[in-house]
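# Inside the fold
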Amino acid sequence: MKASSVKELLTSDKFLQEITVRGWVRAFRSKRFIQINDGSTINNIQCVVDFENTEDDLLKRITTGAAVCVTGTLVESQGKGQSVEVQVNKIEILGDSNPEEYPIQPKKHSFEFLRENAHLRVRTNTFSAVMRVRSALSFAVHKYFQDNGFYYVNTPIITGSDAEGAGEMFKVTSFEHNKAPLNEEGNIDYSKDFFGKETNLTVSGQLEAETYAMGLGKVYTFGPTFRAENSNTTRHLAEFWMIEPEVAFNDLDANMDLSEDFIKGVLKYVLDTCEDDLAFLDNRLTQEEKTKPQAQRSEMSLLEKLRFVVDNNFKRVSYTEAIDILRNCKPNKKKKFDYIINEWGADLQSEHERYLVEKHFKCPVILFDYPANIKAFYMRLNEDGKTVRAMDVLFPGIGEMVGGSQREERLDVLKEKMEALGIEEEELWWYLDTRKFGTAIHSGFGLGFERLVLFTTGMSNIRDVIPFPRTPQNAEF
Ligand code: 4AD
Ligand code: MG
């Protein structure tokens, strides 16, 4: 007989019919009620064994974590908490799970403990819900762009360029440690390396995506991205997934519109399709909030926050306005910030970004027109000569969700900028070609997928929204 998923059975009306279901035991109580989950849904199916007619040896093997195959009759449940249940005719243990050793017990475990057991944590309610929402979100990303005339491009993971100019790259080499050939100056001779040049894991697919936008018009990337920044925070990963749309003929306003519409679109998709998981995560967060002092509790529940973002406009504020607000705000005057904002030109830290979204505007904010010297070389210079057409989308509880810009499309201005920053023209000759041949204004942005998952699921640490996080000093699994 073809096995049914738990999800199918819970919404089925095939009462009194024989069914087969397979999954892992979540709990077994009174030698009678087995809760089985197979990952298809947050909900378990209750299977009722007739213990008087079941061998004791078999009953002993029904332990938390064991894989089982149950054949039985689907009936309307008499008990509370479920509408259907299975009266077991036959239960087969597919894989035992020694209860003395199995780390995931039917009780609350700390997220730290579960991170050490990242290979098993997806068998808990919280992590299975997070990972199903993550999957739905990534489908929603493709759906949004495909529905809106964008083409998906795969930009290289190994690259010779440093798109962000921040130098936070992991090197890619086939030289053996300590055996790299040296040149006459005593430096490593990368011309003898696998690619004949210095290469690294990409920090962004933007520069390559730009070249594709200048032919396909509207493109997006969605792929792994690597940064060797030593930021041990709840918002940074060394390996994360970035979504980067790039659109020919879009100016910064159109870029802001796209980022806002995109975020709302994908959130709406998961609100519509992940009801059970979001309800579970909403409740989880509400319980967690209750453990905090009143003043630190969020005013909105998770579902309220998601609906709020979908239903309200993001506030658009220039960097200059933001600096005025920050300079005059209480935590700045009382020196509560770690970095005090004194003058125009200061780089914003996450404490400032979060003040703006969480305390001042109380909604997502798009900051734009940043000082040129705190942003990357490729951003379009404004007429004032000191700001660039940059934009960051800031979110409550997260800080920076999106970084993007209108790109510098003028060859002479771009070359001047590169020269001032010491970026060799020979290295980016192909990038400059897009400005030589049929240049046009264009814009794009990058959205950190895990930060989006973080916001959507109400989790508080980015390590808990990616299956196997890579962070400083940690590459287990
Ligand atoms: O602001 P960033 O550095 O922008 C770029 O890389 C541009 N080239 C994007 C573009 O215009 N196409 O990074 C974009 C986003 C950030 O806003 C943040 O959400 C995420 O990527 N991000 C990280 N997420 C997790 N861990 C990290 N270490 C991240 N660094 C950036
Ligand atoms: Mg940024």
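The structure under discussion appears in the preceding block.
Just so you know, these numbers come straight off a predicted model, no measurement behind them.

### Some details on a negative patch on the surface
A grouping of Asp412, Glu416, Glu419, Glu424, Glu425, Glu426 and Glu427 is seen on the molecular surface, where their side chains present a negatively charged patch. Take Glu427: it is sitting in the loop between helix H12 (411-421) and helix H13 (429-436).

### Looking at the pattern of salt bridges
Within this structure, the stated rule accounts for 26 salt bridges. Residues Glu358 and Arg354 are paired through a salt bridge, measuring 2.9 Å at the closest nitrogen-oxygen approach. Residue Glu358 and its partner Arg354 are located together in helix H11 (residues 350-361), separated by four residues, close to a single helical turn. On the accessibility criterion, Glu358 (25% relative accessible area) is partly exposed. We classify Arg354 as partly exposed; its relative accessible area is 27%. The salt bridge involving Asp392 is made with Lys375; its shortest N-O contact spans 3.3 Å. Of this pair, Asp392 sits in strand S14 (residues 387-395) while Lys375 sits in the loop between strand S13 (365-371) and S14, placing them 17 residues apart in sequence. Take Asp392: its relative accessible area is 4%, and that puts it in the buried class.

### Digging into the site of ligand 1
Among the 24 residues in the neighbourhood of ligand 1, the closest are listed as Glu164, Gln206, Glu244, Glu400 and Met401. With respect to ligand 1, the side chain of Glu164 contributes an N or O atom lying 2.6 Å from a nitrogen atom. Contact distances for ligand 1 include 2.7 Å between a nitrogen atom and a side-chain N or O atom of Glu244. Here ligand 1, which alone exposes 630 Å², has 94% of that area covered by the protein. Taking a 2 Å distance to the grid points as the criterion, the majority of the atoms of ligand 1 fall inside the largest pocket. Mapped by element, the contributors of at least two residues to the shell around ligand 1 are strand S11 (239-248), strand S15 (399-406) and strand S16 (442-448).

### Notes on the sheet that holds strand S10 (residues 218-226)
Neighbouring strands of a sheet are bound in pairs by backbone hydrogen bonds; such pairs are parallel or else antiparallel. Pairing is mixed across the open sheet formed by eight strands, whose spatial order is S6-S10-S11-S16-S15-S14-S13-S12. Edge positions in the sheet fall to strand S6 (151-152) and strand S12 (315-318), since each has one partner strand and no second. Pairing of S15 with S16, which is carried by five bridges, proceeds in the antiparallel orientation. Counterpart to Gly404 in the pairing with S16 is Phe445. Where helix H5 (residues 206-216) meets the sheet, it contacts S6, S10, S11 and S16, and its direction lies at approximately 30° from that of S11.

Conventions adopted
- Residues numbered from 1 in each chain as written.
- Chains lettered and ligands numbered in written order.
- Predicted model: local features only at pLDDT ≥ 70, side-chain atom pairs only at ≥ 80, totals over all residues.
- Heavy atoms only, no water.
- Patch = residues over 30% accessible without salt bridge, like charges linked within 9 Å, V, L, I, M, F, W, Y side chains within 5 Å.
- Areas by Shrake-Rupley, 256 points an atom, 1.4 Å probe, with all protein chains shown as cover.
- Salt bridge = Lys/Arg side-chain N within 4 Å of Asp/Glu carboxyl O.
- Lys, Arg positive; Asp, Glu negative; His and termini not counted.
- Charge placed at Lys NZ, Arg CZ, Asp CG, Glu CD.
- Helix = DSSP H or I, 4+ residues; strand = E, 2+ residues; numbered from the N terminus.
- Buried < 20%, exposed > 50% of the residue type's maximum accessible area, 1.4 Å probe, protein only.
- Near = heavy atom within 4 Å.
- Polar contact = N/O pair within 3.5 Å; in protein donor to acceptor, adjacent residues only side chain to side chain.
- 1 Å grid on protein atoms, 1.4 Å probe; cavity = no way out; pocket = protein on both sides within 12 Å on 5 of 7 lines; lining within 4 Å.
- Sits in = over half its atoms within 2 Å of the grid points.
- Pairing = 2+ DSSP bridges.
- Contact = heavy atoms within 4.5 Å.
- Axes fitted to C-alpha atoms, helices over the stretch in contact; angles between N-to-C directions.

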